[in-house]
Amino acid sequence: MTPEAKKTTSSLIDDLRKVDVFSDLPAEDLTWWAERLEEVRLQPGEVFVREGDPADKLMVILEGEIRLQQNSPDAPVYRARAGQVTGLLPYSRLTQIRATGRAVVPTRIALLHKSLFPEMLQRMPQLGQRLVAIMSDRIRETARAETQRDKLAALGKLSAGLAHELNNPAAAAQRAAASLREALQTVREASIRLARHALSAEQREVVIRFENEAGSFAPPIPTDPLAQSDREEQITAWIENRHMPNAWKIAPVLADAGVDATKLEGLAGQVGESVLGDALIRISSILTISKLIAEIDHSTKRISDMVRAIKEYSYMDQPAMQEIDVHAGLESTLTIFGHRLKSGVRVVRDYDTTLPRVCAYGGELNQIWTNLIDNAIDAMQGKGEIGLRTTREIDRVLVEVRDTGPGIPAEIQPRIFDPFFTTKGVGEGTGLGLDAVCRIVKNHHGEIRVNSRPGDTRFQVYLPIAQPKAQPVAELKEVVHE
């Protein structure tokens, strides 16, 4: 070994001693590493690895900092700083680099090719265990970050849909309130003008009775639009023949309330032609006010229903484990997805109305229904039929979510519940939705199955009606897919 090589090796040994994983290794082991490491120096912003490159080297960050990010603007950013070990680790199944790496500051890294792993593990089994522990920590951290990202993405989609659903009735109520203010002003002015006519008690009684009865003139079944239009034209012509103003405003309101020319003739005969114009303005304004109040009531009720659905969906202010009505959970979830169902998805319900409540975490069950229904809508590209079926099987309930999408290929069906496995395009899914579904079902001592063929995909969730009295410790199972 040349003096220069010895100096480089000695320097690398000193650098490795500063890394926790290597700090207590014997000198001969550090020498083995130093003689086989390839040292690379990077300038800020310099790319040293790209997404899709072969994963074939272990990396030790000696100085500086590197940043790794997938080629997606909303992808999480991972950082590795001096003293950390990253890249390909022993026993990892990583075959390709999953992110593009750049130096943040002047950086120095050392690389060990995977062909040297067997010798390294044979010489230093204790170090192998440490590197496997690093890999496990990395997997957990990656899964945690991806899960958080997936939850935030789902929350963003639901929030956007809820905002749209709440905006429609809120805007309708606001418009109705503005129109109500105008109608109140009109009825006030018409009432003042009527008072100036010095009406007799009988005439006042006729006007009030007509106002009260006008709403009952409308048939219980909505009138044919053509017949409604004809009646409106007749009323307009009747009012204009008497040279009364605002016929275009009064006629639609009276026609909608079921008033016709015959009833108007009767009113005119009882109150007189001089009073009729102001009486009709007041009557139509009163009818408009009643209609606007009904619109505000309907809109605010829709808002209340949405808020109640959100509370039921999230199980706010309720104990975690309780007796759950799965039908209520399914309906709350459908309400949350209302904006996506309107564009061409038909929901077919086949509920067993005798189904008992199940003991469960309500919020977690709704995560199941959310993921399954969301996947069904995506699979059908927003057009098709979703079937929801419930039934009882001895001591369990079955909830089935069916869709008419293209189906799941048989060769990938065994993998769909694996973490990070997804059939969606890059940036469209993290592969954690069905993994979360599977974990929640298992945590409830249940079972989930899938049967799929083109045009008929069914996810079947089996949940026990009663949970075991003694809750066993949940099994922690790390499924590694690098």
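Undergrad: Just to check I follow, could you spell out the overall build of the protein for this structure?
TA: Regarding its fold elements, the protein presents 13 helices and 15 strands. With 482 residues in all, the protein has 41% of them scored as buried. Pairs at least 24 apart in sequence give 77% of the contacts found in the protein among residues at least 6 apart. When the accessible surface of the protein is split by element, carbon and sulfur atoms take 52% of a total near 26,100 Å².

Undergrad: Explanation requested: the sheet that holds strand E6 (residues 85–87) in the structure shown.
TA: The strands making up a sheet associate through backbone hydrogen bonding, with each pair oriented either parallel or antiparallel. Judged by pairing direction, the sheet is antiparallel, and its four strands sit side by side in the order E1-E8-E3-E6 without closing on themselves. Unpaired on one side and paired on the other, strand E1 (38–42) and E6 mark the two borders of the sheet. Mean inter-strand twist for the sheet, computed between neighbouring axes without regard to direction, equals 35 degrees. Examined bridge by bridge, E1 and strand E8 (residues 107–113) share five bridges and lie antiparallel to one another.

Undergrad: Help me understand the pattern of salt bridges, please; the structure alone is not making it clear to me.
TA: One side chain can pair with another of opposite charge once the charged atoms of both are near each other. For the coordinates displayed, the defined rule picks out 26 salt bridges. Of the charged contacts in the structure, one is a salt bridge between Asp29 and Arg123, with a shortest N-O distance of 3.7 Å. With a gap of 94 residues between them, Asp29 in helix H2 (residues 27–36) and Arg123 in helix H3 (residues 117–123) connect regions that are remote in the sequence. By relative accessible area, which is 10% here, Asp29 ends up buried.

Undergrad: Whenever I open this one, the pairing of strand E4 (residues 65–69) confuses me. Can you help?
TA: Each regular strand carries side chains that alternate between the two faces of the sheet. Where E4 and strand E5 (residues 77–81) come together, five bridges link them in antiparallel fashion. Following the sheet pairing, Glu65 is matched in E5 by Arg81. Here E4 runs beside strand E7 (residues 100–103); their pairing, made up of four bridges, is antiparallel. Counterpart to Gln69 in the pairing with E7 is Thr100.

Undergrad: I keep staring at helix H6 (residues 225–241) and nothing clicks. Help me out?
TA: Residues spaced three or four apart along an α-helix point in a common direction, a consequence of the helix completing one turn every 3.6 residues. Spanning 17 residues, H6 covers 24 Å between terminal C-alpha atoms, matching the ideal 24 Å at 1.5 Å per step. Regarding H6, the residues found buried are Gln228, Arg231, Ile235, Thr236, Trp238 and Ile239. Taken around the axis of H6, the buried residues stretch over an arc of 165 degrees, which confines them to a single face. Facing away from the buried side of H6, by more than 90 degrees, are the exposed residues Leu226, Glu233 and Asn241.

Undergrad: Sorry, what's going on with the sheet that holds strand E15 (residues 456–464) here?
TA: Read across the sheet, five strands follow the order E10-E12-E13-E15-E14 without closing on themselves; strand pairing throughout is mixed. In this open sheet, the two edge strands, each paired with only one partner strand, are strand E10 (345–350) and strand E14 (447–453). Each adjacent strand pair in this sheet contributes to an overall mean axis angle of 15 degrees, direction not counted. Note: E10 against strand E12 (residues 384–393), six bridges, orientation parallel. Bridge pairing links Asp350 to Arg389 in E12. Helix-sheet contacts for helix H12 (residues 362–379) involve E12, strand E13 (396–403) and E15, and the interaxial angle to E15 is about 175 degrees.

Undergrad: So what exactly am I meant to see when it comes to the nonpolar core here?
TA: Phe22, Trp33 and Val85 are the most contacted members of the largest nonpolar core, which totals 43 residues. Elements with a contribution of two residues or more to this core: helix H1 (3–17), H2, strand E3 (57–63), E4, E8, H3 and helix H4 (125–196). Formed by 39 residues, the second largest nonpolar core is a distinct cluster that contains Leu330, Leu341, Leu355 and Ile448.

Undergrad: How do you make sense of the confidence of the model for the protein when you look at a structure like this?
TA: Close reading of the predicted structure is inappropriate where its pLDDT is low. Mean pLDDT over the protein: 81, with 83% of residues reaching 70 or higher. Segment residues 425–432 is flagged for pLDDT under 50; beyond a separation of four residues in sequence, or across chains, it makes 18 contacts in the model. Here residues 470–482 is a poorly scored stretch, pLDDT under 50, and it has 19 contacts once near neighbours within four places are set aside; other chains count.

Undergrad: In this structure, what is going on with the packing of aromatic side chains? I would like to understand it.
TA: Tallied over the entire structure, the rule returns two aromatic pairs. Arranged with centres 5.9 Å apart and planes meeting at 75 degrees, the rings of Trp32 and Trp33 form a pair that is edge-to-face. Judged on exposure class, the residue Trp32 and its partner Trp33 are both buried. Linked through ring pairs, Phe22, Trp32 and Trp33 together constitute an aromatic cluster. One cation-aromatic arrangement involves Arg242 over Trp238; the distance from NZ or CZ to the ring centre is 3.7 Å.

Undergrad: Help me understand helix H10 (residues 326–336) in this model?
TA: Counting buried residues along H10, eight of its eleven residues qualify, which places the element largely inside the surrounding structure. Residues Val326, His327, Gly329, Leu330, Ser332, Thr333, Leu334 and Ile336 constitute the buried set of H10. Of the residues that open H10, the one with a side-chain oxygen 3.0 Å from the backbone nitrogen of His327 is Asp325.

Undergrad: I would appreciate a short explanation of unusual backbone geometry in the present structure.
TA: The phi angle of most residues is negative, glycine excepted, and most peptide bonds adopt the trans form. The phi dihedral of Tyr91 falls on the positive side, at around 70 degrees, and the residue is not glycine. On the secondary structure map, Tyr91 appears in the loop between E6 and E7. Taking the relative accessible area as the measure of exposure, Tyr91 reaches 61% and is therefore exposed. Unusually for a residue other than glycine, Gln381 sits at a positive phi of about 55 degrees. With respect to the element layout, Gln381 can be found in the loop between H12 and E12.

Undergrad: Before we go on, may I ask you to explain the side chain of Gln203 in this structure?
TA: Considering the arrangement of structural elements, one finds Gln203 in helix H5 (residues 201–214). At a separation of 3.0 Å, a polar atom in the side chain of Gln203 contacts the main-chain amide nitrogen of Ser200. Apart from residues lying up to four places away in sequence, Gln203 is in contact with Gln270 and Val271.

Undergrad: Got a minute to help me understand the packing of H10 against H12 in this structure?
TA: Two packed helices can be described by the angle between their axes and the distance between those axes. Relative to each other, H10 and H12 sit at 50 degrees, their axes nearing to 9 Å. Comparing the axis directions of H10 and H12 gives the class oblique. Crossing handedness for the pair H10 and H12: right-handed. Taken together, the residues of H12 that come into contact with H10 (itself represented by Val326, Gly329, Leu330, Thr333 and Leu334) are Asn366, Trp369, Thr370 and Ile373. Taken together, the residues of the contact of H10 with H12 break down into five nonpolar, four polar and no charged.

What counts as what
Residues numbered from 1 in each chain as written. Predicted model: local features only at pLDDT ≥ 70, side-chain atom pairs only at ≥ 80, totals over all residues. Heavy atoms only, no water. Helix = DSSP H or I, 4+ residues; strand = E, 2+ residues; numbered from the N terminus. Buried < 20%, exposed > 50% of the residue type's maximum accessible area, 1.4 Å probe, protein only. Contact = heavy atoms within 4.5 Å. Areas by Shrake-Rupley, 256 points an atom, 1.4 Å probe, with all protein chains shown as cover. Pairing = 2+ DSSP bridges. Axes fitted to C-alpha atoms, helices over the stretch in contact; angles between N-to-C directions. Salt bridge = Lys/Arg side-chain N within 4 Å of Asp/Glu carboxyl O. Expected span 1.5 Å × (residues − 1). Arc of directions from axis to C-beta. Core = buried A, V, L, I, M, F, W, Y, C linked by side-chain atoms within 4.5 Å. pLDDT = per-residue confidence, 0-100. Phe/Tyr/Trp six-rings, centres within 6.5 Å; stacked < 30°, edge-to-face > 60°. Lys NZ or Arg CZ within 6 Å of the ring centre and 35° of its normal. Polar contact = N/O pair within 3.5 Å; in protein donor to acceptor, adjacent residues only side chain to side chain. Parallel < 35°, antiparallel > 145°, perpendicular 65-115°, else oblique. Left-handed = near helix turned anticlockwise from the far one by under 90°. Nonpolar A, V, L, I, M, F, W, Y, C, P; charged D, E, K, R; others polar.

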